[in-house]
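# Coordinate analysis (summary)
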There are 2 protein chains.
Amino acid sequence: MPEIRIDFITEERVIVATERSRRPHDFKKAEATAEPAPEFVPTCPFCVGNEAMTPPEVDAFREAGTAPDTPGWWVRTVPNKFPALAPDANDAPDAVGIYTRFGGYGVHEVIIETPKHNETPVVASAHQWREAVRMYQRRLQTLTRNERLKSVLIFRNEGKAAGASLEHPHAQLVGLPFIPPVLQRYIEGVARYQSRHGRHPLEAILEQEVREGTRLVNQTARFVVYAPFASRAPYELAIAPTTPALQLATMDADALSEFADVLQDSLRRLYAALGNPPYNYMLFTAPTGYDGVFWEHVRIAPRLSIDAGFELGSGVGINITAPEDAARYLREASTASA
Amino acid sequence: MPEIRIDFITEERVIVATERSRRPHDFKKAEATAEPAPEFVPTCPFCVGNEAMTPPEVDAFREAGTAPDTPGWWVRTVPNKFPALAPDANDAPDAVGIYTRFGGYGVHEVIIETPKHNETPVVASAHQWREAVRMYQRRLQTLTRNERLKSVLIFRNEGKAAGASLEHPHAQLVGLPFIPPVLQRYIEGVARYQSRHGRHPLEAILEQEVREGTRLVNQTARFVVYAPFASRAPYELAIAPTTPALQLATMDADALSEFADVLQDSLRRLYAALGNPPYNYMLFTAPTGYDGVFWEHVRIAPRLSIDAGFELGSGVGINITAPEDAARYLREASTASA
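The rules behind these values
Residue indices begin from 1 for each chain and proceed along its sequence in written order. Labels are handed out in written order, letters beginning with A for the chains and numbers beginning with 1 for the ligands. Residues qualify for local features only when their pLDDT is at least 70, as the model is predicted, and side-chain atom pairs are given and counted only at 80 or more; totals for whole chains, interfaces and linings, by contrast, use all residues. Excluded from the side-chain calculations are hydrogens and water; all other atoms, namely the structure's heavy atoms, are used. Helical segments are the DSSP runs of H or I of at least four residues, strand segments are the runs of E of at least two, and each set is numbered from the N terminus. One fewer than the residue count of a helix, multiplied by 1.5 Å, yields its expected span. Partly exposed describes any residue whose relative accessible area lies between the buried limit of under 20% and the exposed limit of over 50%, with all areas from a 1.4 Å probe on protein chains only and scaled to the type maximum. Contacts are assigned to residue pairs that have any heavy atoms within 4.5 Å of one another. The term buried area refers to how much accessible surface (probe radius 1.4 Å) is lost by two components on association, counted for both of them together. By salt bridge we mean one thing: a side-chain nitrogen of Lys or Arg within 4 Å of a carboxyl oxygen of Asp or Glu. For the purposes of these results, a polar contact is taken to be a pair of N or O atoms within 3.5 Å, where, inside protein, one atom must be able to donate a hydrogen and its partner to accept one; residues adjacent in sequence count only when each atom of the pair is a side-chain atom. When residue character is reported, Ala, Val, Leu, Ile, Met, Phe, Trp, Tyr, Cys and Pro are called nonpolar, Asp, Glu, Lys and Arg charged, and the others, Gly included, polar. A strand pair is defined by DSSP finding two or more bridges across the two strands. The copies were overlaid by least squares, fitting only the C-alpha atoms of residues that reach a pLDDT of 70 or more in each copy. Note: pLDDT gives the predictor's confidence per residue, expressed from 0 to 100. Here an angle of 0 to 180 degrees is reported between the N-to-C directions of two axes, which are lines fitted to C-alpha atoms, with helices fitted over the stretch in contact. Here roughly perpendicular refers to angles of 65 to 115 degrees, roughly parallel to angles under 35, roughly antiparallel to angles over 145, and oblique to all remaining angles. Working definition: a disulfide is two cysteine sulfur atoms within 2.5 Å of each other. Only protein atoms enter the 1 Å grid used here. Points where a 1.4 Å probe fits but cannot escape make up a cavity, open sets with protein on both sides within 12 Å along at least five of seven lines make up a pocket, and a residue lines them when an atom lies within 4 Å of a point. Grid points are joined across faces, edges and corners, and a volume is the space filled by probe spheres set on the points.

## Here we look at helix α1 (residues 126–143) of chain B
Helix length check: α1(B) (18 residues) gives 26 Å between terminal C-alpha atoms against 26 Å at 1.5 Å per residue, within 8%. When we look at burial in α1(B), the residues that qualify are B:Gln128, B:Trp129, B:Glu131, B:Ala132, B:Val133, B:Met135, B:Tyr136, B:Gln137, B:Arg139, B:Leu140 and B:Leu143.

## Overview of the environment of A:Pro169
Residue and element names in this part refer to chain A. Relative to the helices and strands, proline 169 resides in the loop between β8 (151–158) and β9 (170–176). Classification of proline 169 by relative accessible area gives buried; the value is 2%. With 130 residues separating them in the primary sequence, proline 169 and glutamate 39 have C-alpha atoms 11 Å apart. Contact partners of proline 169, with chain neighbours within four places excluded, come to Ile111, Ile112, Glu113, Thr114, Lys116, His117, Glu119, Thr120 and Arg156.

## Details of the environment of B:Pro177
Looking at the secondary structure, you find B:Pro177 in the loop between β9 (170–176) and α2 (181–197). Sequence-wise, B:Pro177 and B:Gly104 are 73 residues apart; in three dimensions their C-alpha atoms are separated by 8.6 Å.

## Here's the deal with helix α6 (residues 323–332) of chain B
Regarding α6(B), the residues found buried are B:Pro323, B:Glu324, B:Ala326, B:Ala327, B:Tyr329 and B:Leu330. Buried positions along α6(B) lie against β1 (3–6), β10 (216–219), β12 (237–241), α4 (253–274) and β15 (317–319) of chain B.

## Thoughts on the interface of chain B and chain A
Contact residues are listed per partner, giving 69 residues for chain B and 69 residues for chain A. A buried area of about 5800 Å², summed over both sides, lies between chain B and chain A, and 68% of it is on carbon and sulfur atoms. Among the residues chain B hides against chain A, the three largest losses belong to B:Ile4, B:Tyr99 and B:Leu312. Together they make up 12% of the total. Across the chain B-chain A interface, the total number found is 4 salt bridges. Note that B:Glu12 and A:Arg185 form a salt bridge whose closest N and O atoms lie 2.8 Å from each other. At the surface where chain B touches chain A, the tally comes to 22 residue pairs in polar contact (both at pLDDT 80 or more). Residues of the side of chain B that touches chain A, tallied by class, amount to 41 nonpolar, 12 polar and 16 charged. Taken together, the 3 bridges between strand β6 (residues 99–103) of chain A and β1(B) define a ladder with antiparallel strand orientation. Considered in β1(B), the bridge of A:Gly103 is made with B:Glu3.

## As for the relation of the copies chain B and chain A
Each copy superposes on the other: chain B lies on chain A with an RMSD of 0.0 Å after a rotation of 180 degrees and an axial shift of 0.0 Å. Here the symmetry operator amounts to a two-fold rotation axis.

## With respect to the confidence of the model for chain A
It should be kept in mind that the predicted coordinates are not to be read in detail where pLDDT is low. For chain A, the mean per-residue pLDDT works out to 95, and 97% of the residues sit at or above 70. Listed scores for the predicted complex are pTM 0.96 and ipTM 0.96.

## So, the packing of α2(B) against helix α3 (residues 201–212) of chain B
Residue and element names in this part refer to chain B. Running from N to C, α2 and α3 cross one another at 85 degrees; their axes reach a closest spacing of 9 Å. When the axes of α2 and α3 are compared, the pair comes out roughly perpendicular. Contacts between α2 and α3 involve Tyr186, Val190, Tyr193 and Gln194 from the first element and Pro201, Leu202 and Ala204 from the second. A class-by-class count of the residues in the contact of α2 with α3 yields 6 nonpolar, 1 polar and no charged.

## Looking at the state of the cysteines
Residues and elements named next belong to chain B. Tallied over the entire structure, the rule returns 0 disulfides over all chains. Cysteine 44 forms no disulfide, and the closest cysteine sulfur to it belongs to cysteine 47, at a distance of 3.8 Å. For cysteine 47, a relative accessible area of 1% gives the class buried.

## Considerations on the layout of surface pockets
If you add up the space inside the second largest pocket, you get close to 620 Å³. Every element with two or more residues in the lining of the second largest pocket is listed here: α3 (181–197) of chain A together with α2 of chain B. Of the residues that constitute the lining of the second largest pocket, the class distribution is 8 nonpolar, 6 polar and 12 charged.

## Observations concerning the sheet that holds strand β13 (residues 279–284) of chain B
All names here are of chain B. The sheet built from 10 strands is open, its strands ordered β3-β4-β7-β9-β8-β13-β14-β12-β11-β10 with antiparallel pairing. The strands lining the two open edges of the sheet, one partner per strand, are β3 (59–62) and β10. Averaged over all neighbouring strand pairs, the angle between strand axes comes to 15 degrees, with direction disregarded.

Okay, here's the thing in structure tokens:
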């Protein structure tokens, strides 16, 4: 029988209908790579040696004495060549009859996570992956100092079905001149719960997930990984720190390494259980200058099903895998390097 | 330069970034059919003669004297074999620790629009297509009498990239025991505008679209077809009646035929301009027992791009085709039967 689950924070409904449920094995065909990608691809703008194919870099971890936009880097940040929002756009409103539009001011960057075309997060060394995540931290620190930006979203697209147009491992940051609806609803949901119960809803969630264990996937000293009770789609995962004091922009090197390892472990579990699934992940960070308690978290969304007319027209997800089943498979999945 | 457009009703932002813009021709590869589908497919549960492969029909237009679940029908409605929501589920709340879930009560039906496997809306005769839409009307009338349902969504998925799992022409209806977020935000946006301006925002929109003409695609005595100013994705269309008094459940036969023709014309324009694109359309109808003025409309969403981490994490669409350009191409597109 299908059931309707209520998201604990946003209070939005999700349908869990497992009649069509599939075991993880059945999702595997999704995006099995025909043959392994090579380490260097001459036409790839993100491969080492091809630095001239991107806009000039804005940041990099690189060997002492090497010049910008030349080899010698191990993580590199460049402006997106086809930006969704542009730093040189104005942000003035403009009336089109009854309608309003604004110039598309904003920042859109690409973090190239490795010089090697085939060094995906699941095969990367712990050191390389931690460096990639350290660049997430550094770019977030930089962008949140820009007072024209109201929020910053870090995300990663893996696989064509997740909207990735380039194969070379990379993440993206978009700095927005407004607070987007998904973030706004999270903040409103948190405020609603706090005013009723006097504490942050994520505290209640993590308590229950750790105690109950049925949706728990992994736990370290500082982080909890779980399949959210009202996951919108199969095999979604959330990663949350045990305290809101731990934030990406300010966490120390030890916490940052632990965070990078937990993220990599989660991706390896999905890879092992589902066979290189397309996925997105998103890091939800506080709006710029936010003065409430903001509990950061990551949402990992494998793209195993397609939103159709029902989802577009209602805003309600239909999840064909119970989060409890997904969590069990992912607990059991191998976390060795792929 | 990218721009940010504000949806006139929901006030949600959309990014229009045409740097990567493509002419309609460049979208065409999307889902070009290798060879035309046959009229009958032995394994298709929706083909005439295969009635035993579906759950028993709940409604049909069929020749006098023919029995249910046998040939003789020209439009047929059956329960979805893998329902998102089920009429025999209970709808009682159930606590899972701090979380809440409900039984998945609801109705999920499939309207098989034609006995012929290859009679898509773009090739169907006006008569056959009007009959299909008349069935939409009849099922909507029936479901809205069910007081346990709070809203009914009629939608259609065409093509795998739009989530269609079966090729045979069909639409779906889901009756929900709640008002879903997309509908709720529309209603709230309408109420907000009405309280400020004393009239319905769609009245203002249609006035401007008809007068300005740059986003107008088609216009008949009773309906206006336009590319919404803040379309979330390329080539989106809206179809709205010129007055909220025209509602699917209650419109007379003349208006219903005109509506069916306008819908078919819109699909033919998209087919001609984009080459059989995958798409969804959704009919937004008033919540059951709604006592405000509800202005119905259809949203047609071609699926030419994939929502990636940015869209999932922000709720903001990135549209790479200006609605004004989309409208111009669609005005010029052939509306002959495909």
